[in-house]
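# Examining the three-dimensional arrangement
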Amino acid sequence: MLNFSYYGHSAFLLDDGKHKLLFDPFLTGNPLASVKASDVKADYILITHAHGDHIGDAPAIAKKTGAAVVAIPEVAALVKEVATNAEIYEMNVGGEITLPFGKVYMTPALHSAGVAGGCPVGFVVNVGGMNVYFAGDTGLFPYMQFLGKRVKIDVAILPIGDNYTMGVRDAAEAVNLLNARYVIPVHYNTWPVISADPEEFKKLTESKTTAKVCIVKPGEDLELTTLDGKV
Ligand code: NI
Ligand code: MN
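Residues numbered from 1 in each chain as written. Chains lettered and ligands numbered in written order. Predicted model: local features only at pLDDT ≥ 70, side-chain atom pairs only at ≥ 80, totals over all residues. Heavy atoms only, no water.

Helix and strand counts for the protein stand at 6 helices and 14 strands. A globule of 231 residues ought to have a C-alpha radius of gyration of about 17 Å, and the protein, at 16 Å, matches this closely. In terms of overall dimensions, the protein has a C-alpha envelope of 50 × 40 × 30 Å along the principal axes. Looking at the protein as a whole, 55% of its 231 residues are labelled buried. (Helix = DSSP H or I, 4+ residues; strand = E, 2+ residues; numbered from the N terminus. Rg over C-alpha atoms; globule rule 2.2 N^0.38 Å. Buried < 20%, exposed > 50% of the residue type's maximum accessible area, 1.4 Å probe, protein only.)

Have a look at this one:
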């Protein structure tokens, strides 16, 4: 099984029944947060970059839960300032590691890092029998076509809020390049500056591609492994 729990903005949890993978846990100060940082559970925390709306509560959660952290060295160093004993898997763009739940491949992202010397990243995670791409914050970039050829992307989790990342139109083109089967939009409507209509994204994407867009609200779960009837 593979369950997706959306916590609002770009924060979400993937749970394969044995391992809890927490992504970009910005919860404190997140107007859409559906869970408190003090209540969230995690075995691994994957962080795309050091902007506050992504690294968020990761250092505090790592300290409290003992979750292992996956990040570039510059972001990992920020975590270690708070969670001095945290187990860290440092990696960088183009690298892949194997963890007990599956593989983690670090992708480029077209954005800024939020920390000197760093770069923003995304992840393709193989977990629960599915390949899940989380783009992090990014503009549209042609390398996405390579990501879609490298492995079959079952689920793409993409920002659509515009201003700081892709908007609806470019995110729909990203789905085309990625050739993803299912898409979950994130990083929108947290604040007025990233207002976007997920229904517009769904309509446009499903008219341009064969992908199916799944709109998940903060606080909602989606059982990814049941999407196409295979449990
Ligand atoms: Ni950012
Ligand atoms: Mn962001």
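By definition of the ideal shapes, a tetrahedral metal site with four donors has angles of 109.5 degrees and an octahedral site with six donors has angles of 90 or 180 degrees. Donor atoms from the polypeptide that bind the manganese ion (ligand 2) are Asp53 (OD), His54 (NE2), Asp137 (OD) and His187 (NE2), placed at 2.1 to 2.2 Å. Written as a sequence motif, the donor arrangement for the manganese ion (ligand 2) is D-H-x82-D-x49-H. Judged by its relative accessible area of 16%, Asp53 is buried. Relative accessible area serves as the criterion here: at 0%, His54 is assigned to the buried category. (Donors = N, O, S within 2.8 Å, 3.2 Å for Na, K, Ca; no water.)

Summed over all chains, the structure comprises 7 salt bridges. Residues Lys20 and Asp15 are paired through a salt bridge, measuring 2.9 Å at the closest nitrogen-oxygen approach. The partner of Arg150 in a salt bridge is Glu96, and the shortest N-O contact between them spans 3.2 Å. Taken together, the residues Arg150 in helix 4 (residues 144-150) and Glu96 in strand 7 (residues 96-99) connect sequence positions 54 residues apart. (Salt bridge = Lys/Arg side-chain N within 4 Å of Asp/Glu carboxyl O.)

As a further point, take the packing of aromatic side chains. Summed over the entire model, instances satisfying the criterion amount to 10 aromatic pairs. Consider the rings of Phe4 and Tyr6, whose centres lie 6.1 Å apart with planes at 25°: the pair is stacked. Residue Phe4 is classed as buried on the basis of its relative accessible area of 0%. Ring geometry for Tyr44 versus Phe101: centroids 5.0 Å apart, planes at 70°, classification edge-to-face. Within this pair, whereas Tyr44 is found in strand 4 (residues 44-46), its partner Phe101 is found in the loop between strand 7 and strand 8 (102-108), the two being separated by 57 residues in sequence. Of the residues examined, Tyr44 reaches a relative accessible area of 9% and is grouped as buried. One aromatic cluster in this structure is built from Phe4, Tyr6, Phe12, Phe23, Phe123 and Phe134. Directly above the ring of Tyr105 sits Arg150, whose terminal nitrogen or CZ lies 3.4 Å from the centroid. (Phe/Tyr/Trp six-rings, centres within 6.5 Å; stacked < 30°, edge-to-face > 60°. Lys NZ or Arg CZ within 6 Å of the ring centre and 35° of its normal.)

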